[in-house]
Amino acid sequence: MADVIVAGGGPVGLMLACELRLAGVDVLVLDRLAERVPHSKALGMHARTLELLDQRGLVDRFLEGHKRAPATHFAGLRPLEFDASDTRHPYMLLIPQAHTERLLAERAAELGVVVRHGAEVTGFAQDADGVDVEVAGGERLRARFLVGCDGSRSTVRRLLGVGFPGTPATVTAMIADVSLDEPPARPRLLSRFPGGQAGVLEYGPGQYRAMTIQYDTPYDPVADGDNPVTFEEFREVFRAIAGTDHGMRDPLWVSRFGDAARQADRYREGRIFLAGDAAHIHNPSGGQGLNLGMQDAVNLGWKLAAVVRGQAPQELLDTYHAERHPVGARVLQNTHAQVALSRPGHAVDALRELFAELIRIDEVNDRLTRMISALDVRYAVAGANPLTGARMPDVDLKTSDGDTRLYPLLHSGRGVLLDLADDAALRATAHGWADRVDVVPAHGADPRLDGVAAVLVRPDGHVAWAAPTDVALPDALTTWFGPERGSR
């Protein structure tokens with residue numbers, strides 16, 4: 001019996017499997033596809049996702065050989081520029097989804113994750129102790145937990161009976177990775193034309209992503225099912241909108257999608273969870289989808305592992321929905337706004353002009369950039385310190401072992417308690433959680449640590465507690481890491 005079965009072997013399922021296995025959990029990934037496909041629906045990896053990979057010592061694998069865009073955008077308006085002082089990754093990485101999946105599959109193999117291709121989940125039944133999972137062909141498996149990472153038409157979500165409310169599609173978008181004989185002088189993924197939007201973006205030497213959007217011709221992947229598109233159809237639509245196809249040829253793949261926005265009304269039902277597109281779908285404006293799903297996986301992974309290992313109570317798992325559902329809802333909201341700002345018409349033109357003026361204001365630019373990149377995500381964690389609940393930046397530290405930074409301290413997937421005031425009593429208090437939390441005496445010159453005596457960082461890089469605060473350290477440790485060793 002596996003501890004956890006993950007349905008779906010895309011980036012979200014693989015990231016979750018890596019997190020679970022890093023924590024010593026026995027995990028089995030079941031993927032309905034017989035082999036990994038070369039499709040690269042997602043192209044952009046944002047700063048927060050890169051930070052999560054950095055926290056696991058993986059980011060250099062993803063950076064190698066891929067272009068970095070120094071800015072992102074909101075509805076195609078003027079660039080949203082990253083603040084280099086807030087992250088070590090002030091850019092969007094242009095990495096095809098197929099490359100992301102390959103790198104995560106390699107990491108999963110290193111950790112000993114078992115991935116079975118051609119194994120489609122067709123049914124399940126849960127009881128007080130676990131979940132019986134049926135696989136196409138009649139095989140039955142048993143696990144303590146099941147996580148549906150099986151995409152927008154999720155079988156797990158459908159069989160679980162979880163509602164997927166939202167708004168229907170209003171557009172049809174098509175996308176293709178191609179070569180171009182006549183590339184534009186200034187490639188841009190989307191430009192507005194009277195008949196819709198079209199454009200190309202170079203993501204590698206001689207490699208271009210081409211995209212079109214047609215308004216009032218909706219395509220909804222949930223309602224309409226799989227509706228393949230041919231390269232000739234794509235090229236014809238591109239020419240009709242843009243007046244040229246830039247001599248596109250040799251497609252690697254072509255796909256169709258829409259702007260339907262739906263979100264599961266609950267991410268957990270007993271021992272079964274939803275993550276990634278199984279939990280939320282939306283227009284890809286700003287390139288947020290894959291990032292949102294991978295961040296779901298990291299939020300859930302350490303919590304589920306703690307419960308499987310018997311270190312934390314099942315109530316910890318309720319925080320997955322409580323923390324991630326509002327983040328997903330906000331992404332649906334901002335992609336709705338971007339679609340609205342991209343539509344043709346004089347009224348929208350005027351709104352875009354006004355919005356472009358607002359984005360020139362530094363505070364507005366920074367707020368939108370941090371929202372799109374998920375650097376501003378803050379969870380509702382008890383405590384009055386301004387750091388509490390926010391992601392912890394990768395600050396430079398001085399320790400007895402030499403100079404380091406925070407994120408390498410998170411490579412093991414354990415919690416970290418930074419003692420910044422040489423507080424022997426604090427270290428003694430945390431001793432009862434030494435099997436789950438590393439206590440690191442350190443000094444930091446970063447101004448973001450001014451006045452901070454100690455910081456408790458969760459395995460996902462968010463701050464669980466910081467001193468001074470009005471919450472006792474043992475209470476915070478118990479809330480996020482379970483009871484003190486010896487009291488379970």
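For the structure, see preceding data.
Residues numbered from 1 in each chain as written. Predicted model: local features only at pLDDT ≥ 70, side-chain atom pairs only at ≥ 80, totals over all residues. Heavy atoms only, no water.

**A closer look at the sheet that holds strand E14 (residues 188-193)**
The strand order across the open sheet built from five strands is E14-E15-E16-E13-E17, with neighbouring strands paired in antiparallel fashion. Both outer strands of the open sheet, E14 and strand E17 (248-258), are each paired with one neighbouring strand and no more. In this sheet, neighbouring strand axes are inclined to one another by 15 degrees on average, regardless of whether the strands run parallel or antiparallel. Against the sheet, helix H7 (residues 231-242) makes contact with strand E13 (171-180), E14, strand E15 (196-204), strand E16 (207-215) and E17, and its axis sits at roughly 70 degrees relative to E16, the strand it touches most. (Pairing = 2+ DSSP bridges. Helix = DSSP H or I, 4+ residues; strand = E, 2+ residues; numbered from the N terminus. Axes fitted to C-alpha atoms, helices over the stretch in contact; angles between N-to-C directions. Contact = heavy atoms within 4.5 Å.)

**Here we look at unusual backbone geometry**
For the bond from Ala 467 to Pro 468, the omega torsion is 5 degrees, close enough to zero to count as cis. Mapping Pro 468 onto the fold places it in the loop between strand E27 (463-467) and helix H13 (473-481). Of note, the phi angle at Ala 75 is positive, near 60 degrees, even though the residue is not glycine. At Ala 374, a residue that is not glycine, the phi angle is positive and equals roughly 65 degrees. Assignment of secondary structure puts Ala 374 in the loop between helix H11 (362-373) and strand E22 (396-399). Assessed through its relative accessible area of 11%, Ala 374 is described here as buried. (Buried < 20%, exposed > 50% of the residue type's maximum accessible area, 1.4 Å probe, protein only.)

**A short note on H13**
Of all the positions in H13, only Leu 473, Ala 476, Leu 477, Trp 480 and Phe 481 are classed as buried. When H13 is viewed along its axis, its buried side chains cluster within an angular range of 100 degrees and face the same direction. Positive phi shows up at Gly 482, right after H13, with a value of about 90 degrees. (Arc of directions from axis to C-beta.)

**Notes on the packing of aromatic side chains**
Here the structure, examined in full by the defined rule, presents seven aromatic pairs. Here the aromatic rings of Phe 145 and Phe 273 are separated by 6.2 Å at their centres, their planes lie at 50 degrees, and the arrangement is tilted. On the criterion of sequence distance, the pair formed by Phe 145 in strand E11 (residues 139-148) and Phe 273 in strand E20 (residues 272-274) is long-range, its members being 128 residues apart. Note on accessibility: Phe 145 and Phe 273 belong to one class, buried. Ring centres of Trp 302 and Phe 481 lie 6.0 Å apart, and the angle between their planes is 35 degrees; on these two criteria the pair is classed as tilted. Taken together, the positions of Trp 302 in helix H8 (residues 289-308) and Phe 481 in helix H13 put the pair 179 residues apart, joining distant regions of the chain. An aromatic cluster is built from Phe 145, Tyr 267, Phe 273 and Tyr 320, whose rings are joined through pairwise contacts. (Phe/Tyr/Trp six-rings, centres within 6.5 Å; stacked < 30°, edge-to-face > 60°.)

**Examining the sheet that holds strand E4 (residues 67-69)**
Pairing is antiparallel in the open sheet, where three strands are placed in the order E3-E7-E4. Unpaired on one side and paired on the other, strand E3 (44-45) and E4 mark the two borders of the sheet. Bridge count between E3 and strand E7 (residues 92-94): two bridges; the pairing is antiparallel. Note that in E7 the partner of Gly 44 across the bridge is Leu 94.

**Overview of a negative patch on the surface**
On the surface, a cluster of negative charge is made up of Glu 81, Asp 83, Asp 362, Glu 363 and Asp 366. If you tally residues by element for the negative patch, the top one is H11, at three residues. As for its position among the elements, Asp 83 is in the loop between strand E6 (80-81) and E7. Judged by relative accessible area, which is 39%, Asp 83 ranks as partly exposed. (Patch = residues over 30% accessible without salt bridge, like charges linked within 9 Å, V, L, I, M, F, W, Y side chains within 5 Å. Areas by Shrake-Rupley, 256 points an atom, 1.4 Å probe, with all protein chains shown as cover. Salt bridge = Lys/Arg side-chain N within 4 Å of Asp/Glu carboxyl O. Lys, Arg positive; Asp, Glu negative; His and termini not counted. Charge placed at Lys NZ, Arg CZ, Asp CG, Glu CD.)

**Overview of the pairing of strand E2 (residues 27-31)**
Walk down a regular strand and you will see the side chains alternate between the two sheet faces. Burial runs high along E2: five of the five residues are buried. Here E2 shows two buried faces, one formed by Val 27, Val 29 and Asp 31 and the other by Leu 28 and Leu 30. Looking at chain direction, strand E1 (residues 2-7) and E2 are connected through four bridges and run parallel. Following the sheet pairing, Ile 5 is matched in E2 by Leu 28.

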